[in-house]
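The primary structure of each chain is shown beneath.
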Amino acid sequence: MSDNYAVIGKNLPKIDGRVKVTGQAKYTGDLKFPNMLVGKILTSPHAHARILSIDTAEAEKLPGVKAVITHEDVPGLKYGISPARWDENIFCIDKVRFVGDKVAAVAAIDEETVYKALKLIKVEYEVLPAVMDPIEAMREGAPQIHDEYPGNINTEVHQSFGDVEQAFAEAYHVRTDQFIGQRTYQSPIEPHSAISIWEGGKLTVYTSTQSPHYFQYYIAREFGLKMGDVRVIKTYVGGGFGGKLEPTGLEFAGAVLSRITGRPVKMFYDRHEMFAHNRGRHKQIMKVTTGVDKNGKILGVHADFIMDGGAYTSLGIATAYYAGAMLPLTYEFDNYKFDMLRVYTNLPACGAQRGHGAPQPRYAFECHLDMVAGDLGMDPMELRLRNARQPNTVTPNAFQVNSCELKACIEKGVEISGWKDKRGKLPPGRGIGGAVGSFVSGAGYPIYRTNLPHAAAIIKVHEDGTAATLYTGATDIGQGSDTILCQMAAEAMGYNYENMKIVSADTETTPHDFGAYASRQTLMSGAAVKQAGEEVKAQLLEIAAEMMDVAAEDLDCREAWIYRKANPDERKPFTEVAREFFVRRGPLVGRGSYTPPKLGGTFKGAPVGTSPAYSFCTQISEVEIDEETGEVDVKEVWDVHDCGKVINPALLHGQVHGALYMGMGESIWEEVVFDDKGKIVNGNLGEYRLPTALDMPKITSELVDSVEPAAPWGVKEVGEGATIPTMGCFANAIYDAMGVRIHSLPLSYEKVWRALKDKRKKEEKK
Amino acid sequence: MSMEAITDKHGVKRYLITLNVNGDSYTKVVKGNTVLVNVLRDDLDLTGTKKGCELGDCGSCTVLMDGKPVNSCLVLAVEADGREITTIEGLAQHEQLDRLQDSFVNHAAVQCGYCTPGMIMSAKALLSKNPDPTEQEVREAIAGNLCRCTGYVNIVKAVLAAAKAEGGAAR
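Okay, so let's go over this structure. All values derive from a computational prediction rather than experimental measurement.

## As for the sheet that holds strand E6 (residues 122-127) of chain A
For step 1, the next point in the chain: With respect to topology, three strands assemble into an open sheet ordered E4-E2-E6 (chain A), the strand pairing being antiparallel. What marks the edges here is a single partner per strand, and that holds for strand E4 (95-96) and E6 of chain A.

## Quick word on the interface of chain A and chain B
For step 1, the next point in the chain: Between chain A and chain B, the contact holds 52 residues from the first and 44 residues from the second.
For step 2, the next point in the chain: The junction of chain A with chain B conceals about 3,800 Å² of combined surface from both sides, 57% of it contributed by carbon and sulfur atoms.
For step 3, the next point in the chain: Taken together, the connections running from chain A to chain B amount to six salt bridges.
For step 4, the next point in the chain: A salt bridge links Asp30 of chain A to Arg41 of chain B, with the nearest nitrogen and oxygen atoms 2.8 Å apart.
For step 5, the next point in the chain: Summed over the shared surface of chain A and chain B, the number is 25 residue pairs in polar contact (both at pLDDT 80 or more).
For step 6, the next point in the chain: Among the secondary structure elements, those contributing two or more residues to the side of chain A that touches chain B are helix H1 (17-22), helix H3 (111-120), helix H17 (649-668) and helix H18 (685-688) of chain A.
For step 7, the next point in the chain: Here the element with the most residues in the side of chain A that touches chain B is H17 of chain A; it accounts for eight residues.
For step 8, the next point in the chain: Along the lines of polarity and charge, the residues of the side of chain A that touches chain B split into 23 nonpolar, 18 polar and 11 charged.

## Examining the packing of aromatic side chains
Residue and element names in this part refer to chain A.
For step 1, the next point in the chain: Applying the stated rule across the entire model yields 26 aromatic pairs over all chains.
For step 2, the next point in the chain: Relative to Phe223, the ring of Trp198 lies with its centre 5.3 Å away and its plane at 75°, an arrangement referred to as edge-to-face. Residue Trp198 is located in strand E9 (residues 193-199), and its partner Phe223 is located in helix H6 (residues 212-223); the two are separated by 25 residues in the primary sequence.
For step 3, the next point in the chain: Between the aromatic rings of Phe305 and Phe338, the centroid separation amounts to 5.9 Å while the plane-to-plane angle is 70°, which identifies the pairing as edge-to-face. Pair noted here: Phe305 is in strand E14 (residues 298-310) and Phe338 is in strand E15 (residues 335-344), with a separation of 33 residues, a long-range link.
For step 4, the next point in the chain: Note on Phe305: relative accessible area 1%, which makes it buried.
For step 5, the next point in the chain: In this structure an aromatic cluster arises from ring pairing among Trp86, Tyr214, Tyr217, Tyr218, Tyr448, Phe514 and Tyr517.
For step 6, the next point in the chain: Directly above the ring of Phe268 sits Lys40, whose terminal nitrogen or CZ lies 4.0 Å from the centroid.
For step 7, the next point in the chain: Arg221 extends its terminal NZ or CZ atom over the ring of Trp86, reaching a point 3.5 Å from the ring centre.

## Overview of the pattern of salt bridges
Any two side chains of opposite charge can pair, so long as their charged atoms come close to each other.
All names here are of chain A.
For step 1, the next point in the chain: In the structure shown here, the tally under the stated rule is 60 salt bridges over all chains.
For step 2, the next point in the chain: Residues Lys716 and Asp642 are paired through a salt bridge, measuring 3.0 Å at the closest nitrogen-oxygen approach. On the criterion of sequence distance, the pair formed by Lys716 in the loop between strand E28 (698-703) and helix H19 (726-738) and Asp642 in strand E27 (residues 632-642) is long-range, its members being 74 residues apart. Asp642 carries the same exposure label as Lys716, and that label is buried.
For step 3, the next point in the chain: Each member of the salt-bridge network shares a partner with another, and the members are Arg362, Glu366, Asp370, Arg384, Arg423 and Asp736.

## Here's the deal with the sheet that holds strand E11 (residues 230-234) of chain A
Neighbouring strands of a sheet are bound in pairs by backbone hydrogen bonds; such pairs are parallel or else antiparallel.
Residues and elements named next belong to chain A.
For step 1, the next point in the chain: Spatially, the seven strands line up as an open sheet ordered E3-E5-E1-E12-E9-E10-E11, and their pairing is mixed. Each edge of the open sheet is held by one strand with a lone partner, namely strand E3 (65-69) and E11. Pairs of neighbouring strands in the sheet enclose a mean axial angle of 20°, with direction left out of account.
For step 2, the next point in the chain: Alignment of E9 against strand E10 (residues 202-207), held across six bridges, turns out to be antiparallel. Looking at E10, one finds that Ile195 is bridged to Tyr206.
For step 3, the next point in the chain: Contacts from H6 reach E9, E10 and E11, with the element oriented near 150° to E11.
For step 4, the next point in the chain: This element, helix H7 (residues 249-261), spans strand E1 (37-43), E3, strand E5 (102-108), E9, E10 and strand E12 (265-268) of the sheet and lies at about 35° to E9.

Rules behind the numbers
Residues numbered from 1 in each chain as written. Chains lettered and ligands numbered in written order. Predicted model: local features only at pLDDT ≥ 70, side-chain atom pairs only at ≥ 80, totals over all residues. Heavy atoms only, no water. Pairing = 2+ DSSP bridges. Helix = DSSP H or I, 4+ residues; strand = E, 2+ residues; numbered from the N terminus. Contact = heavy atoms within 4.5 Å. Buried area = accessible area lost by both parts, 1.4 Å probe. Salt bridge = Lys/Arg side-chain N within 4 Å of Asp/Glu carboxyl O. Polar contact = N/O pair within 3.5 Å; in protein donor to acceptor, adjacent residues only side chain to side chain. Nonpolar A, V, L, I, M, F, W, Y, C, P; charged D, E, K, R; others polar. Phe/Tyr/Trp six-rings, centres within 6.5 Å; stacked < 30°, edge-to-face > 60°. Buried < 20%, exposed > 50% of the residue type's maximum accessible area, 1.4 Å probe, protein only. Lys NZ or Arg CZ within 6 Å of the ring centre and 35° of its normal. Axes fitted to C-alpha atoms, helices over the stretch in contact; angles between N-to-C directions.

Put into structure tokens, the structure is as follows:
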């Protein structure tokens, strides 16, 4: 019976596929409004400097310029996506804290005039000493970036569960290793863009956003507006990956420019400005210690991390907690200690990038475990199997895990990759490596404290029953939530996908939802949609029961037919009954909402990482290394996922492909590089080196059977989880190929080449 | 440039160009530094051609100029004078999608969709000169089009499937 679904579980085409292949889909930058102006932000050329004066007179005189604004023209209220640390201003008041910090903005009749005007704004700076490294930033006498945070410590985490010291004392083997991650940037192909229209006390913002709700909440707060007077509308969004979760200067400055000029204002970042705005992945310095018994059973783990946060908090408090919170999900052990310092530096602020805080620690831990396995003379996948989490268990940091098929993922990965015939047995230069991962299916608690449901949905059936529109605040940024939520709505109503329409992510017309982050929408928005669909169905069956002169409980509805369960031939079309409903009772509407159960422990930071359900996966990769150049050629990658019931397999595997692609870029090539003055050296897609179609290996994406009891139809997340093991699995494959361990990301050709050179030197000495 | 320029009262030269876009002829006055992508998007409202980097890295603005794929952010409008330009809006014939467009939808090759128009135009150029490409040839043809969502897996599948479908038709 479990697979007896009419609409979910099927490879239905994306609901927005056609408009996207014809070029009709409008992204924010494609929109035009009458009398619209263009706006840009002037940013700081210095990493750390006091602002002595700003002279806008020349810029204001330029023909075509309609407004020039600085901190004097905007609210001074500090903002930020993390309520515990509001530390950003719309424009810097006393000093700038990184190259790219916001200083002023201009609105003019066209782009050319705007750029000319920006050059005419004269800012006098007193350059201050800057610090780009988190370790340096903590030293005594280091430049102080925010007066409120001595020692540049932004966030400090100390968590301890069980007794790690005792576990290490009793262990057969204890090992410590250190690894270093890198700054990466989400690099969606669509640049951020926002159009603000402030008219008659109401502010409307069309924007490239992952969460209309958080935008609405923070924009209203900043300007002292009622939530109801701020309308945030998501257009089609060209990718986010965490980088479009929080409102930026484009929304804040754009709103003020629109209020002052009385005209719509379009703001955008160019590619370099996107890198400077950042909110990408934090660089983490990660020390991991693990104690195991003779059989490789993990007894205790200590994770001791430092992260470079950049100049502001962004979502970094959550990132700091996530980094450690997610580690114990995959393996069962009772003793765990996690220490973290998130440190301010004079670099762009880091935030939440796909896998939020977890991928780099996972790289460190999975490399480290391979080394532990090596010490014990054990197959590394065997070590993982022995420790793999079981279903219906609780992690030391109090996360309840219901469904968990990690063991099955490892076993299947080992089987389909040919692991046993390959590990340590491939020809010289070729190697295979594995790693595992896990991720939340939605955060158990919202970003700011509120008792609002996490998701809500309304379904309105058209008067003649030939269509139904789903209204949801869920945010499709390309991952396909509009599609799978329409599948879910149709399934719950007993309707057809082809007749579904959707209005999503517009704070004025759609009900509240927190948006696209923490891989939450399939489970959470899905739960609200399912409830709304079931409510539609129940109402229809009631009317149908009157029309057919039977009891409502004897009826059901499937694929737009209402039928008697005892005799399915006795049936009426959905359209006829829906029309009759409208005639007798008015609009046919179903409503749903979802609030997760109370989750997690009571210690400080306990909410971060809680979730109704967790995905699990294994990745295995095979690489070939060029001994002369260090070039890493990835031959093949296998991903095996436990992501619960799948709503649309084609879209699901697409998420795995994309997550693996991003993980592979971060593993081998991607890194945002700065010069000693804090200027980005490679702020473009070519030199930052996004992987191309020629770089991608053969990818096999497989599933294991799993049904999550805490989710609608048993669903779980997939979009972020598949980025988590990737870096570790490549590092382990390189080790298998060449016997060299790369302790920092990316695992660049140069690092591999240098490691090989060092290895040869050592061997010659012997 | 042998083109005749009109000089405005600020001394800025402007050029009269004629573009043939998707079969229709348009005459526009442009500056010497105006790039083709801006004429298409701002003057002709053909916003299916996207801007992702304005540096020629991402390929989102790919259009066909006399059948060849070009980054329209790197082509000056005056260089396009007299040329045949095809944009994504020119592919579908009335309601009938081009095989590539159909194939992208059916193979789940579209996620956020921002790279899609450029990607399809590069693939179109490939299939026009090489109706039966190998997987490697497809990857080479789209190597200048960056996609951040799909890992190119389903895009490559979609192009190969479209080629197969096209091969079956009388060409």
